Amino acid sequence: VQLQASGGGLVQAGGSLRLSCVASGRTFSAYPMGWFRQAPGKERDFVAGISWGYENNTVYADSVKGRFTISRDNAKNTVYLQMNSLKPEDTAVYYCAAAGAFSRIVRASGTYIYWGQGTLVTVSS
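Being a predicted model, the structure only gives us computed values, none of them experimental.

Caption draft 1: Quick look at the overall build of the chain. The secondary structure content of the chain amounts to zero helices and eleven strands. Beginning at the N terminus, the succession of helices and strands in the chain can be written as β-β-β-β-β-β-β-β-β-β-β. Relative to its length of 125 residues, the chain is compact, with a C-alpha radius of gyration of 13 Å against a globular reference of 14 Å. The dimensions of the chain, computed from C-alpha atoms along their principal axes, are 40 × 25 × 25 Å. Here the chain holds 125 residues, and the buried ones make up 47% of them. Excluding contacts between residues fewer than 6 apart, the proportion of contacts in the chain whose partners are at least 24 apart in sequence is 58%. If you sum the accessible surface of the chain, you get close to 6,200 Å²; carbon and sulfur atoms cover 48% of it.

Shown next, in the form of structure tokens:
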């Protein structure tokens with residue numbers, strides 16, 4: 001699975017961005033997907049995850065719950081992260097990732113097998 005993330009940019013606090021991650025190579029719907037982020041000097045943190053298939057079960061980090069929404073369009077091989085009410089502390093490089101086929105949603109980055117290249121989100125105060 002190859003992943004290509006896009007949609008990052010510079011936005012003012014309170015604004016919104018939508019990240020996209022397009023997958024190619026294998027049956028996209030079989031893979032749980034996740035978004036992670038890494039701020040300068042910090043570890044890569046889990047942001048959101050969505051189950052494989054069409055049930056669209058989701059999990060979120062507490063820091064983004066109620067502001068971010070993860071979704072997927074299996075017909076387009078794409079997973080999205082809609083980010084609203086952005087804060088300066090959301091500034092980071094955002095990565096999409098795919099876990100093992102037919103596995104459950106997990107938060108641990110080490111469980112994810114395939115990674116996109118990252119897209120930078122900068123939120124100004």
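Caption draft 2: Representation of the side chain of Asn74. Mapped onto the secondary structure, Asn74 falls in the loop between strand E7 (68–73) and strand E8 (78–83). At 2.8 Å, the side chain of Asn74 and the backbone oxygen of Gly53 are in polar contact. Excluding residues within four positions of it along the chain, Asn74 makes contact with Phe28, Ser29, Gly53 and Tyr54.

Caption draft 3: Representation of the pattern of salt bridges. What the rule picks out here adds up to three salt bridges. Of the charged contacts in the structure, one is a salt bridge between Asp90 and Arg67, with a shortest N-O distance of 2.7 Å. Note that Asp90 is positioned in the loop between E8 and strand E9 (92–98) and Arg67 in the loop between strand E6 (58–60) and E7, a separation of 23 residues in sequence. This pair shows no difference in class: Asp90 is buried, exactly as Arg67 is. One network of salt bridges, with partners in common, ties together Arg37, Arg67 and Asp90.

Caption draft 4: The arrangement of the packing of aromatic side chains in detail. Going through the model one piece at a time under the given rule, you end up with seven aromatic pairs. With centroids separated by 6.5 Å and ring planes inclined at 75 degrees, the aromatic side chains of Tyr95 and Trp115 adopt a geometry described as edge-to-face. One end of the pair, Tyr95, is in strand E9; the other, Trp115, is in strand E10 (residues 114–115), with 20 residues separating them in the sequence. Lying across the ring of Tyr95, Arg44 places its NZ or CZ 3.8 Å from the centre. Over the aromatic face of Phe28 sits the side chain of Arg72, whose NZ or CZ is 4.4 Å from the ring centroid.

Caption draft 5: Examining the pairing of strand E5 (residues 44–50) more closely. Within E5, five of the seven residues are buried, which leaves the element mostly enclosed by the surrounding structure. Pairing between strand E4 (residues 33–38) and E5: six bridges, direction antiparallel. Within the sheet, the bridge partner assigned to Arg37 lies in E5 and is Asp45. In textbook terms, the turn of a hairpin is the stretch between consecutive antiparallel strands, and for E4 and E5 this stretch comprises five residues, one of which, Gly41, has a positive phi near 75 degrees. Relative to E6, E5 runs antiparallel, the two being bridged by three bridges. Bridge pairing in E6 places Ile50 opposite Thr58.

What counts as what
Residues numbered from 1 in each chain as written. Predicted model: local features only at pLDDT ≥ 70, side-chain atom pairs only at ≥ 80, totals over all residues. Heavy atoms only, no water. Helix = DSSP H or I, 4+ residues; strand = E, 2+ residues; numbered from the N terminus. Rg over C-alpha atoms; globule rule 2.2 N^0.38 Å. Buried < 20%, exposed > 50% of the residue type's maximum accessible area, 1.4 Å probe, protein only. Contact = heavy atoms within 4.5 Å. Areas by Shrake-Rupley, 256 points an atom, 1.4 Å probe, with all protein chains shown as cover. Polar contact = N/O pair within 3.5 Å; in protein donor to acceptor, adjacent residues only side chain to side chain. Salt bridge = Lys/Arg side-chain N within 4 Å of Asp/Glu carboxyl O. Phe/Tyr/Trp six-rings, centres within 6.5 Å; stacked < 30°, edge-to-face > 60°. Lys NZ or Arg CZ within 6 Å of the ring centre and 35° of its normal. Pairing = 2+ DSSP bridges.

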